[in-house]
Structure formats: structure tokens, C-alpha cells
Amino acid sequence: MPHPLRPRAIRPGARIHIAAPSGPVPPDRLEAGIMALRAALGPAAGEFSLAPNLAARVGYFAGDDDTRLAALATALADPEIDAIVCARGGYGLTRLLARLDPARLAAAPKLIVGFSDVTALLAWAHVCTGLVGVHGPVLTQLGELDNDDHERLALLLAGDDPGALVASSGVVLRGGCVEGPLIAANLELLRSLVGTRFMPSLAGCVLALEEVGERPYRIDRALTQLLTSGALRGVRGVAVGQLHACEEPATGNPDSPNAEAVVLERLGTLGVPVVTGFPFGHLPTRNAALPFGSRVRLDADNAALYLLEPVAD
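These numbers were taken from a predicted model, which means no experiment stands behind them.

Strand order across the open sheet formed by six strands is 2-1-3-4-5-12, with mixed pairing between neighbours. Two strands in the sheet have a free side with no partner beyond their single neighbour: strand 2 (45–50) and strand 12 (290–292). Looking at each pair of strands side by side, their axes are set apart by 25 degrees on average, direction ignored. Judged from the three bridges that link them, strand 3 (residues 83–86) and strand 4 (residues 111–114) form a sheet pairing that is parallel. If you follow Val 85 over to strand 4, its bridge partner there is Val 113. Packing against the sheet, helix 1 (residues 27–41) makes contact with strand 1 (14–19), strand 2 and strand 3, and its axis sits at approximately 155 degrees to strand 2.

In C-alpha cells:
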């Protein structure tokens, strides 16, 4: 994997681009998100540019593959753009990765912000160029989030330390203190990258995982694939975020364990520190931003995650 490449930090007058590389974008939530991001960035919020496909709708995509690819490739290559904030997740980025040119991004590195489906773009950028990114709220989520999440995102984008992220509820499966680059991901998206050239090496890393809407047995299946493929070999610790709406339906298996129990059972085989209950993921009102590729310390004894180096310079 290339040496870490840090984008320039957001400074007053920064140009922020809103991209739509995945699912179609609800216009009402888009406007609320832009207002929330402007308020969070303060003087750093300069010009906002909007991807030409933001209003497009083709099935479950914000435009067909060629349309989304052209819009994203142009933004990644633009040296005047300081940060690309994805409007929403959904699905679609894994269809584009093989056609993106990493050399154009490496020549004009910039902050990339998003989560869920954007896990794929963060992984592609990190594997192909070493770019450090931000696993954080998509724009259509920002308008509904707690102010603490707005502030944390703004601090990361400015290259500052937002302070410890603490799991106030959850389980410490195994204690200890470990350090390494953080790879933060949606579980299902990370699983989908196994066997591709865009799967990041997790050896020596701290892993952060979240999920939404998957039944416990599907979470079991995804984690089992990561384990049996060897993808989790060498992971130093795991911070588990929200497992939002990951319940067994009333018509499902009454003997099914819950999602957290599945995660603890599967990750327990790693023999490394594991902490659940961190406030990042798909919960509508909380999604704490995390670095993707910067070094962190997972202090499992105190259920806390610390940033050891900045996301941006």
C-alpha cells in the first residue's frame, strides 16, 4: 500500500464539492445538509460546487454509470477542489472503481468525506494512492445530526484533533491498548471488496465497523467471510459502531442471537481488543466522523478511540 498521502486541510475560503456517486439524492435533505455543513465549517466554508448529476435518478442510482463516473472523475482531478463531500450512500460506487484513474487524484489530493457505500471510494483512494480520508456523515444526514458530530467533522477537516471518541454503552470483549492506522468501514461494503484489488490490507490496523438493516445471520455471514478469507489476519483491534436496524424480524428465527452478540462471537476469535457501542454509523441522529488511514489508539480498557496524527495537513 502506498505511503500515507495527506490532503490539505480546510482553510478559510475552501472550495467544497458535493458529489453524488451512489444513490439518488433527496433534494430537501440536500439543502438542509448544505446549511449544516456551512454552519459547521464557519469561515472555512467558501464556494460550494454541486455535481451535475445531483438531481438525476436512474433506478437506485443518481444517474447511470457513465454519468456518475464522469462527474466523480472530474471532481477527483480538479486541483481547485479542497474537499469532496458525498451527498448520500446507497449503492453504486463498486461499479465505478475499476474505471477511476488514481493518478489524477494523486496529482490533486483532496479530502473525501462519506460512509456507507462511500466506504468503497475511501478504500479505493487509500489503496491506490495512500490518501487519508474521512469516514463521516454524508451530506443528506448532516441536517439531522447532533452538533457534536458537526464540530467533530469540522475539526477533522481542519487537520485538528477532535478529542477522544468514547463508547458510552456497549461491551468491552477484550481489554488492552493498541495502535495502528484506522480503517473505518461499513461491514457489508468491506466484505464486498474481498478478492478485489481495492480491498485494503488490514494487517497492523485498527478496524472500525458499522452496519444497517442486516439481519444477524447476514452479519454473521459477512464477518465469517472476512475471517475465512484471511482479510482480518493481523488486525490489532476492532471498534464497533452502530448496528442500526439489524434485528431479526418478528417472522424470523425466534432463537436468533442479536446483532451485537453475533459480532462479539465472531470477532472474539481474533484474540484482540474489541469494543462495541461507538457512536458512528447509520443512526439518524449520531454519526461521529473518523479518519480513514490515520493512526489511532484504541484504549479498550476505557472504551475510547484517540487520534494520533491528523487527517489533513
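Structure shown, so let's carry the discussion forward.
Right, let's talk about the packing of helix 8 (residues 216–228) against helix 9 (residues 259–267) for a bit. Axis separation between helix 8 and helix 9 bottoms out at 9 Å; the angle between their running directions is 20 degrees. One way to sum up the angle between helix 8 and helix 9 is to call them roughly parallel. For the crossing formed where helix 8 meets helix 9, the hand is right-handed. From helix 8, Pro 216, Ile 219, Asp 220, Leu 223, Thr 224 and Leu 227 reach across to helix 9, where they touch Ala 259, Val 262, Val 263, Arg 266 and Leu 267. Residues belonging to the contact of helix 8 with helix 9 are distributed by class as follows: eight nonpolar, one polar and two charged.

A word on the sheet that holds strand 13 (residues 295–299). Taken together, the eight strands give an open sheet; going across it, the order is 6-14-13-8-9-10-11-7, and neighbouring strands pair in mixed fashion. Whereas interior strands pair on both sides, the edge strands pair on one side only; in this sheet they are strand 6 (165–166) and strand 7 (172–174). Relative to strand 11 (residues 274–275), strand 10 (residues 237–244) is paired through two bridges, and the arrangement is parallel. Residue pairing across strands places Val 238 opposite Val 274, the latter belonging to strand 11. Against the sheet, helix 9 contacts strand 7, strand 10 and strand 11, and its axis sits at roughly 160 degrees relative to strand 10.

Glancing now at helix 9. Along helix 9, the residues classified as buried are Ala 259, Val 262, Val 263, Leu 264, Arg 266 and Leu 267. Looking at the buried positions of helix 9, the neighbouring elements they touch are strand 7, helix 8, strand 10 and strand 11. At the N-terminal boundary of helix 9, the capping side chain belongs to Asn 258, with an oxygen 3.3 Å from the backbone nitrogen of Glu 260.

This part covers the packing of aromatic side chains. The relation between two aromatic rings is expressed through the spacing of the ring centres and the mutual angle of the planes. According to the stated counting rule, one finds three aromatic pairs in the structure shown. Arranged with centres 5.7 Å apart and planes meeting at 40 degrees, the rings of Phe 61 and Tyr 91 form a pair that is tilted. Of the two residues, Phe 61 is situated in the loop between strand 2 and helix 2 (65–77) and Tyr 91 in the loop between strand 3 and helix 3 (102–107); the sequence distance between them amounts to 30 residues. For Phe 61, a relative accessible area of 8% translates into the label buried. Three or more aromatic residues joined by ring pairs form one cluster here, namely Tyr 60, Phe 61 and Tyr 91. Above the face of the Phe 61 ring, Arg 68 is positioned so that its terminal group lies 4.4 Å from the ring centre.

On to the environment of Ala 108. Mapped onto the fold, Ala 108 is located in the loop between helix 3 and strand 4. Between the C-alpha atom of Ala 108 and that of Leu 76, which follows or precedes it by 32 residues, the distance is 7.4 Å. Look past the residues within four positions of Ala 108 in its chain and what remains in contact with it is Leu 76, Ala 77, Asp 78 and Pro 79.

Another point: the pattern of salt bridges. All chains considered together, the criterion is met by 13 salt bridges. Notably, a salt bridge pairs Arg 191 with Glu 188, separated by 2.6 Å at the nearest N-O pair. Of this pair, Arg 191 and Glu 188 both sit in helix 7 (residues 187–193), separated by three residues, roughly a single helical turn. Among the ionic pairs, Glu 248 bridges to Arg 215, the shortest N-O distance being 2.8 Å. Here Arg 215 lies in the loop between strand 9 (206–212) and helix 8 and Glu 248 lies in the loop between strand 10 and helix 9, a separation of 33 residues in the sequence. Here the salt bridges share partners, and the residues they tie into one network are Asp 65, Arg 68 and Arg 95.

Further remarks concern the environment of Ala 71. On the secondary structure map, Ala 71 appears in helix 2. Sequence-wise, Ala 71 and Tyr 306 are 235 residues apart; in three dimensions their C-alpha atoms are separated by 35 Å. Apart from residues no more than four positions distant in its own chain, Ala 71 is found in contact with Pro 52 and Asn 53.

Reading guide: rules and limits
Residues numbered from 1 in each chain as written. Predicted model: local features only at pLDDT ≥ 70, side-chain atom pairs only at ≥ 80, totals over all residues. Heavy atoms only, no water. Pairing = 2+ DSSP bridges. Helix = DSSP H or I, 4+ residues; strand = E, 2+ residues; numbered from the N terminus. Axes fitted to C-alpha atoms, helices over the stretch in contact; angles between N-to-C directions. Contact = heavy atoms within 4.5 Å. Parallel < 35°, antiparallel > 145°, perpendicular 65-115°, else oblique. Left-handed = near helix turned anticlockwise from the far one by under 90°. Nonpolar A, V, L, I, M, F, W, Y, C, P; charged D, E, K, R; others polar. Buried < 20%, exposed > 50% of the residue type's maximum accessible area, 1.4 Å probe, protein only. Polar contact = N/O pair within 3.5 Å; in protein donor to acceptor, adjacent residues only side chain to side chain. Phe/Tyr/Trp six-rings, centres within 6.5 Å; stacked < 30°, edge-to-face > 60°. Lys NZ or Arg CZ within 6 Å of the ring centre and 35° of its normal. Salt bridge = Lys/Arg side-chain N within 4 Å of Asp/Glu carboxyl O.

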